[in-house]
Amino acid sequence: MEPLMTGSNSYRIRQGDTLSAIARRNNTTVDALARANNLQSPDRIIAGKTLVIPGANDGFEANAPRPMPRPANRPTGTSQNRDSFEPGTAQGTVAQGVTPAGTAGVSGTQNGYRNVDLTAFRQGGSNSESAIVVGTSEGNRTPNGGFTASYGGHTDPGNAKHNRGSFSYQGGGANSPSHADEIWNRELGRVTPQYQRAAERAGLDPNNALLASTFYDLHTQSPRAAQNFLNRELPRLAQDPRGVTPEALVDARVNAFRTDNGQISASGFDHNEQRLRADQTRRETALVRALDARGFRDGGGGGGAVENAPIPRPRPENLTAGTTALPAEVPIPRPRPENLQASNTTGGATPTDLNDTAEIAPAADRPAVQTATPWVSQYNASKVERAGDKACFRAAVVMAAGAGATVTGPDNRIQVATGDDPNGGVTVNAAAARRGREYIDGQLDAGKPVVVGVDHRSGRNSDNVDGITDHFVVITGRGTDEQGRTYYTFHDPATNHQQRGADTNPNNRFYVDQDTGNLYREGPTNGNVVQRHFEVSMVRPNA
């Protein structure tokens, strides 16, 4: 897609644009755009505004000279104290050899991916390529540079810590998701010199986009595994007859979680190799899709590919454990393997953690349309008849009644889902999804909440009238996030913990699937229901 120019040196911002994408299409840099337009917050741009386009000066021209690397043992920057491979290792700002995306040069690894300037790759905070590519693996970003619902902040399903930003940052010192991305990009810069030295010792090209992204992603997921990847797996990878391919990298990632005697050490996966391999396959596939969409594959990508990159939807359970072929679609994951809890199921009832009391930061932005709907737990016997694991609909009815709405019977439902999709999620009647959303909008505008059924697992559910719905929640409000996307807040009764179940939890938001018009909440497919992937299956109108 060609840039929409308003003059020879200007550009009118479109919905969904990011500053990094605009810079790339116009042969300039994020920093140069920010300076030329006096942008105080480069990660926030407004559709319809016009940007001045400065001259290209980022060193990404086809004839850009290859700078000489700084000696690896020459420290620069300030010492970091977080997740250090080597205590006291300084922040690395080593100049990189450059054969960047957009030029004809292919990396010396000969795997079809271009070389990148690793420093430039990490620049730009949330607009950096590293944030988008690794963020796609983390589930907080989309390959076209967009943001998923979890980017602004979500609770880690394993350790209940607050994650924020593209990299699911859990550390301190971040006052916003974009600031968290800046902090972690500095961390990636800190470990880059060691990665470069290890790759060069193994005879591999450290500037290869796929290899570098794999290391950055693995370090974000597990610094311990990333160290094994450098020390032990890179030399093996250099001897792999397949080359530095996605399949070979999946094997290397899995082996990075082994002890020296060959045993899998991944407590988050119960030390189960099949579960670990499925996760590592998923993550590597996400990197491949993001890199391809962003033009880092030789002969592919470019502006059009980025603009048209699909937002992945499928669920992790569709990945075949141990597969060598990468799946065509990428699920959006949430938990990190070192924190992931084993699946919690109760034979068709609603799995929940009754001891969950984690502090959850409320959403910073609130809906423009908000109903006065009280939150009620389905385990609250004083308010819900036959309270317990299967009382979600009865609790939803109580919540709706608290805001003056009377939920009608199943014969009056708007049936959005027509079946469980064998590839994950549900098959959707787009016309019904549109009617359902229009009905929800009208009720919210009238000050009334709407009860909806959701699907969160594969297989038919015989407990509900449609054989699809697994759970019920209450939509309570509507708003627009920083990226201009419409969202719908909801109360979830499947917990005793109000901070987790109430609509103030930033994770309790539906977004609109651009392909089907259906409402969905991204998340994992196992564990407690209040954190799972939801897709609306039916809308239950009010009387």
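Residues numbered from 1 in each chain as written. Predicted model: local features only at pLDDT ≥ 70, side-chain atom pairs only at ≥ 80, totals over all residues. Heavy atoms only, no water.

1. Points about the overall build of the chain
Alright, step 1. In terms of helices and strands, the chain carries 13 helices and 15 strands.
Alright, step 2. Each of the 543 residues in the chain was classed as buried or not, and the buried ones make up 56%.
Alright, step 3. Partitioning the contacts of the chain with sequence separation of at least 6, the portion at a separation of at least 24 is 63%.
Alright, step 4. Looking at the chain as shown, the accessible area adds up to about 21,400 Å², and 47% of this sits on carbon and sulfur atoms. (Helix = DSSP H or I, 4+ residues; strand = E, 2+ residues; numbered from the N terminus. Buried < 20%, exposed > 50% of the residue type's maximum accessible area, 1.4 Å probe, protein only. Contact = heavy atoms within 4.5 Å. Areas by Shrake-Rupley, 256 points an atom, 1.4 Å probe, with all protein chains shown as cover.)

2. Side note on the nonpolar core
Alright, step 1. Membership of the largest hydrophobic core comes to 50 residues, with the highest contact counts inside it found for Leu-211, Phe-229 and Leu-234.
Alright, step 2. Put simply, the parts of the chain that give this core at least two residues each are α3 (118-121), α4 (129-138), α5 (177-202), α6 (209-221), α7 (223-238), α8 (246-256) and α9 (273-293).
Alright, step 3. Of all the elements, α5 adds the most residues to this core, at nine residues.
Alright, step 4. Contact partners of Phe-229, with chain neighbours within four places excluded, come to Leu-211, Thr-214, Phe-215, Leu-218, Leu-234, Leu-249, Ala-252 and Ala-256.
Alright, step 5. Core analysis: the second largest hydrophobic core is formed by 23 residues, Ala-433, Ile-440, Val-473 and Ala-494 among them. (Core = buried A, V, L, I, M, F, W, Y, C linked by side-chain atoms within 4.5 Å.)

3. Some thoughts on the pairing of strand β13 (residues 509-512)
Alright, step 1. Of the two faces of β13, the one carrying Arg-509 and Tyr-511 and the one carrying Phe-510 and Val-512 are both buried.
Alright, step 2. Where strand β12 (residues 486-491) lies against β13, three bridges are found, and the strand directions are antiparallel. Residue pairing in the sheet places Tyr-488 in a bridge with Phe-510 of β13.
Alright, step 3. In terms of strand pairing, β13 meets strand β14 (residues 519-521) through two bridges, oriented antiparallel. In the sheet register, Val-512 faces β14, and the bridge partner there is Leu-519.
Alright, step 4. Where β13 hands over to β14, the hairpin turn is made up of six residues, of which Gly-517 adopts a positive phi near 80 degrees. (Pairing = 2+ DSSP bridges.)

4. Structural notes on the packing of α5 against α6
Alright, step 1. The geometry of α5 relative to α6 is characterised by a closest axis approach of 11 Å and an angle of 120 degrees between their N-to-C directions. Our classification of the angle between α5 and α6 gives oblique. In this structure, α5 crosses over α6, and the sense of that crossing is right-handed. Contacts from Trp-184, Glu-187, Leu-188, Val-191, Thr-192 and Tyr-195 in α5 reach Leu-211, Ala-212, Phe-215, Tyr-216, His-219 and Thr-220 in α6.
Alright, step 2. For the contact of α5 with α6, the per-class residue count stands at eight nonpolar, three polar and one charged. (Axes fitted to C-alpha atoms, helices over the stretch in contact; angles between N-to-C directions. Parallel < 35°, antiparallel > 145°, perpendicular 65-115°, else oblique. Left-handed = near helix turned anticlockwise from the far one by under 90°. Nonpolar A, V, L, I, M, F, W, Y, C, P; charged D, E, K, R; others polar.)

5. Here we look at the packing of aromatic side chains
Alright, step 1. Under the criterion given, the structure shown has nine aromatic pairs.
Alright, step 2. With centroids separated by 5.7 Å and ring planes inclined at 70 degrees, the aromatic side chains of Phe-121 and Phe-296 adopt a geometry described as edge-to-face. Of the two residues, Phe-121 sits in helix α3 while Phe-296 sits in the loop between α9 and α10 (303-307), which places them 175 residues apart along the sequence.
Alright, step 3. Residue classification places Phe-296 among the buried positions, given a relative accessible area of 5%.
Alright, step 4. Plain terms: the ring middles of Phe-215 and Tyr-216 are 5.9 Å apart, the flat faces sit at 45 degrees to each other, and that makes the pair tilted.
Alright, step 5. Classification of Tyr-216 as buried rests on a relative accessible area of 0%.
Alright, step 6. Put simply, the rings of Tyr-195, Phe-215 and Tyr-216 pair up and form one aromatic cluster.
Alright, step 7. The lysine or arginine in question, Arg-509, covers the ring of Tyr-487, its NZ or CZ lying 3.8 Å from the ring centre.
Alright, step 8. Above the ring of Phe-534, the side-chain terminus of Arg-521 is found at 4.4 Å from the ring centroid. (Phe/Tyr/Trp six-rings, centres within 6.5 Å; stacked < 30°, edge-to-face > 60°. Lys NZ or Arg CZ within 6 Å of the ring centre and 35° of its normal.)

6. A word on the environment of His-471
Alright, step 1. By the element assignment, His-471 lies in strand β11 (residues 471-480).
Alright, step 2. Accessibility expressed as a relative area gives 1% for His-471, which makes it buried.
Alright, step 3. Spatially, the C-alpha atoms of His-471 and Val-536 are 9.6 Å apart, while their sequence positions differ by 65 residues.
Alright, step 4. One polar contact links His-471 to Asp-492, side chain to side chain, over a distance of 2.8 Å. (Polar contact = N/O pair within 3.5 Å; in protein donor to acceptor, adjacent residues only side chain to side chain.)

7. A few points about the pairing of β11
Consecutive side chains of a regular strand alternate in pointing toward one face of the sheet and then the other.
Alright, step 1. Among the ten residues that make up β11, nine are buried, leaving the element largely enclosed by the rest of the structure.
Alright, step 2. In terms of strand pairing, β11 meets β12 through six bridges, oriented antiparallel. Bridge pairing in β12 places Gly-477 opposite Thr-489.
Alright, step 3. The antiparallel hairpin formed by β11 and β12 contains five residues in its connecting segment, where Gly-484 sits at a positive phi of about 80 degrees.

8. Brief notes about the confidence of the model for the chain
Alright, step 1. In the predicted model, the chain carries a mean pLDDT of 76, and 73% of its residues have values of at least 70.
Alright, step 2. Here residues 1-8 scores under 50 on pLDDT; set against residues more than four positions off or in separate chains, the count is 18 contacts.
Alright, step 3. Here residues 300-349 scores under 50 on pLDDT; set against residues more than four positions off or in separate chains, the count is 149 contacts. (pLDDT = per-residue confidence, 0-100.)

9. A word on the side chain of Arg-478
Alright, step 1. By the element assignment, Arg-478 lies in strand β11.
Alright, step 2. Since its relative accessible area comes to 18%, Arg-478 is described here as buried.
Alright, step 3. Excluding residues that lie within four positions of it along the chain, Arg-478 makes contacts with Pro-367, Ala-368, Val-369, Asp-441, Leu-444, Asp-445, Thr-486, Tyr-487 and Tyr-488.

10. Topic: unusual backbone geometry
Alright, step 1. A positive phi angle, close to 55 degrees, is found at Ser-168, a residue other than glycine.
Alright, step 2. Summarising the element assignment, Ser-168 is placed in the loop between β5 (162-163) and α5.
Alright, step 3. Overall, Ser-168 belongs to the buried group, its relative accessible area being 0%.
Alright, step 4. Of note, the phi angle at Arg-386 is positive, near 50 degrees, even though the residue is not glycine.
Alright, step 5. Following the sequence through the fold, Arg-386 ends up in the loop between β6 (369-370) and α11 (392-402).

11. Describing the pattern of salt bridges
Alright, step 1. Counting across every chain of the model gives 22 salt bridges.
Alright, step 2. Of the charged contacts, one joins Arg-258 and Glu-273 as a salt bridge, the two residues approaching to 2.8 Å between their closest N and O atoms. In this pair, Arg-258 is assigned in the loop between α8 and α9 and Glu-273 in helix α9, connecting sequence segments 15 residues apart.
Alright, step 3. A salt bridge links Asp-481 to Arg-485, with the shortest nitrogen-to-oxygen separation between them at 2.8 Å.
Alright, step 4. On the basis of relative accessible area, Asp-481 is assigned to the buried category, the value being 9%.
Alright, step 5. The network of salt bridges with shared partners includes Asp-240, Arg-242, Asp-251, Arg-258, Glu-273 and Arg-277. (Salt bridge = Lys/Arg side-chain N within 4 Å of Asp/Glu carboxyl O.)

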